[in-house]
Amino acid sequence: MTHRTGEPMTTSRAGKLLRKPGDPQRATFLELFFDLAFVYVLVQLGQVLSQNLTWRGAFHTLVLLLAVWWVWCSTATVPDRFDPQRPTIQLLVIATLVGSLLMAVALPEAFGAQGLVFAGAYVAVQVGRSIGLLIALRGHELQRGALRVVIWFCVSAVPWIAGALVHGTAREALWVLAVAIDYLAGKLRYLTPGLGRSPPSELPSAAEHLAERHRQFFIIALGEMILVSASTLGGSGFAPDRTTAFLVSIAATVLLWRIYIYRAGELSASAIAGSRDPARLGLSAFYAHLVMVAGVVVAAVGAELVIAHPSGHPEPAWIAIILGGPALFLAGRSRFEYVVFSRVSRDRPIGLLALAALTPLMFLVPPIVAALAAAAVLAGVAISDAARARGRPSEVPSPPG
C-alpha cells in the first residue's frame with residue numbers, strides 16, 4: 001500500500017518516529033525519568049569499589065562503569081534522533097530503564113554470584129532496544145543503521161554471556177573483550193561487512209541536546225556523591241569529626257560542580273554547534289565526561305570512607321581513593337576544556353601535580369586531613385578560574401578542527 005506520492009506506507013510510519021528539524025532540542029521529561037535509574041546505578045557502582053579496595057576491585061569497577069556508561073550513552077542518543085513523544089520510543093526507553101535497574105541490583109556481585117543476571121540484563125537492554133528500533137524503522141533508510149547496531153551488539157553478547165558462565169580471570173578477560181567490542185563498534189561507526197559504516201548524518205549531532213545530556217549525567221553523579229555522604233553520616237551518627245567530614249564532602253561536591261560548569265560546561269553546546277564535525281566532537285565530549293564521572297564515583301567512595309573513619313589510621317588504599325577521585329575529575333575536565341577551547345588552563349595540570357605531591361604526606365595524617373587537602377586543591381582551581389575571568393570578556397568557544 002502506498003500514499004498518493006508513491007511513498008511506501010511503512011516508510012511514512014517509520015518517518016513519524018524521527019525528530020523534525022524544527023523540534024526543540026531540550027531534554028524531555030522522559031529522559032529525566034530514565035536518568036533516575038542511574039542515580040542508583042552509580043551508588044551500586046561505588047559499592048563495587050568500596051567492598052574491594054584493591055587494584056582488582058578498581059579494575060572490576062572500571063569494567064562495570066564502562067558497561068553501564070555505554071548503556072546510558074546508547075539510550076541517550078535515541079531521543080536525539082527520534083521523537084520522544086512517540087509511544088514506541090517511550091516504551092523502548094522505559095524498558096531500558098527497567099533493564100538498567102536489574103543491572104544495578106546485580107552490580108555488587110557482578111563478578112561473583114550475580115554475573116549472569118548482570119550480563120543477561122546488559123545484553124537484553126542493548127540488543128532488545130536495537131531490535132525494537134530495527135522493527136520500528138522497517139521500510140525506512142535508517143533501518144540499515146539499526147541493523148548495523150544489532151549485529152555489533154549480538155557479537156559482543158557472546159563474550160558477555162560466556163563470561164557470566166565462567167569465573168575469576170576467565171570472566172574478567174571475556175568481559176574486557178566484550179567492552180572492547182562495544183566501544184570499538186562506536187569508534188568504527190558500526191562498520192559492518194556488506195552494510196558499510198553509519199554516515200555522519202546518522203550520528204547524534206543536536207548540539208543543545210547533547211550538551212544538556214552531558215550536564216545532566218554529571219549532575220546525576222554529583223547527586224550520587226551527596227546521597228552517599230548524607231547516608232553515611234546518618235548511619236554513623238553526628239559526632240563532631242564525622243559532621244566535619246560530611247561538610248568537607250559537600251564542599252568538595254560544590255567545588256566539583258563549580259569547576260565543571262565554569263565556561264566549558266556552559267559553552268559546550270556552542271562548541272559542538274560550531275564544530276566542523278559535531279558528531280565527532282560530541283563523542284569526544286562523551287569520553288571526557290566518562291572520566292569525570294569516574295572521578296566523582298571514586299570521590300563518593302572517598303567521602304564514605306572519610307565520614308565513617310574521619311580520625312582513623314590512613315590506609316594506602318584510602319588515600320589513593322580520597323585523592324584519586326579529584327585527580328580523575330581534573331584529568332577529564334582538562335580533556336573537556338580542550339574539546340571546547342582547544343587549550344587547557346594551567347590550573348588543571350597544576351592541581352593534578354599538587355594532588356600527586358600531597359600524596360606521600362597524607363599517609364601521616366588522619367583521613368579527614370586528606371579530604372581537606374583534596375578540597376583545598378579543588379578550591380584553588382576554582383579560585384584561579386574566577387581570578388582569570390575577572391575583568392575580561394567572556395571567552396568564545398574554539399573547538400579543535
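Above this text sits the structure in question.
Our subject in this report is the structure included herewith. Keep in mind that what you see is a predicted model, and the values were worked out from it rather than measured. (Residues numbered from 1 in each chain as written. Predicted model: local features only at pLDDT ≥ 70, side-chain atom pairs only at ≥ 80, totals over all residues. Heavy atoms only, no water.)

**Let's talk about the packing of aromatic side chains**
- Scanning all chains against the criterion turns up 17 aromatic pairs.
- With a centroid separation of 5.4 Å and an interplanar angle of 50°, the aromatic rings of Trp-160 and Trp-175 are classed as tilted. Placement of Trp-160 in helix α7 (residues 143-164) and of Trp-175 in helix α8 (residues 169-187) is noted, with a sequence separation of 15 residues between them.
- Of the residues examined, Trp-175 reaches a relative accessible area of 0% and is grouped as buried.
- Grouped by ring-pair contacts, the aromatic residues Phe-34, Phe-38, Trp-69, Trp-72, Phe-217 and Phe-286 constitute a single cluster.
- Sitting above the plane of the Trp-175 ring, Arg-171 keeps its charged end 5.5 Å from the centroid. (Phe/Tyr/Trp six-rings, centres within 6.5 Å; stacked < 30°, edge-to-face > 60°. Helix = DSSP H or I, 4+ residues; strand = E, 2+ residues; numbered from the N terminus. Buried < 20%, exposed > 50% of the residue type's maximum accessible area, 1.4 Å probe, protein only. Lys NZ or Arg CZ within 6 Å of the ring centre and 35° of its normal.)

**Description of the pattern of salt bridges**
- With the rule as written, the count across this model stands at 11 salt bridges.
- One salt bridge connects Arg-213 with Asp-35, and the closest N-O pair in it is separated by 2.7 Å. Linking Arg-213 in helix α9 (residues 207-236) with Asp-35 in helix α2 (residues 29-50), this pair joins segments that are 178 residues apart in sequence. The burial state of Arg-213 is the same as that of Asp-35; both residues are buried.
- Of the charged contacts, one joins Arg-86 and Asp-83 as a salt bridge, the two residues approaching to 3.8 Å between their closest N and O atoms.
- Of the residues examined, Arg-86 reaches a relative accessible area of 31% and is grouped as partly exposed.
- One network of salt bridges, in which partners are shared, links Glu-337, Arg-343, Asp-347, Arg-348, Asp-385 and Arg-388. (Salt bridge = Lys/Arg side-chain N within 4 Å of Asp/Glu carboxyl O.)

**Some thoughts on unusual backbone geometry**
- Despite not being glycine, Arg-263 has its phi angle at roughly 65°, a positive value.
- Relative to the helices and strands, Arg-263 resides in helix α10 (residues 240-274).
- Residue Arg-263 is classed as buried on the basis of its relative accessible area of 17%.
- You will see that Ser-342, though not glycine, has its phi angle at about 65°, which is positive.
- When you line up the elements, Ser-342 lands in the loop between α12 (316-341) and α13 (347-362).

Distances and angles like these do not, on their own, reveal function.
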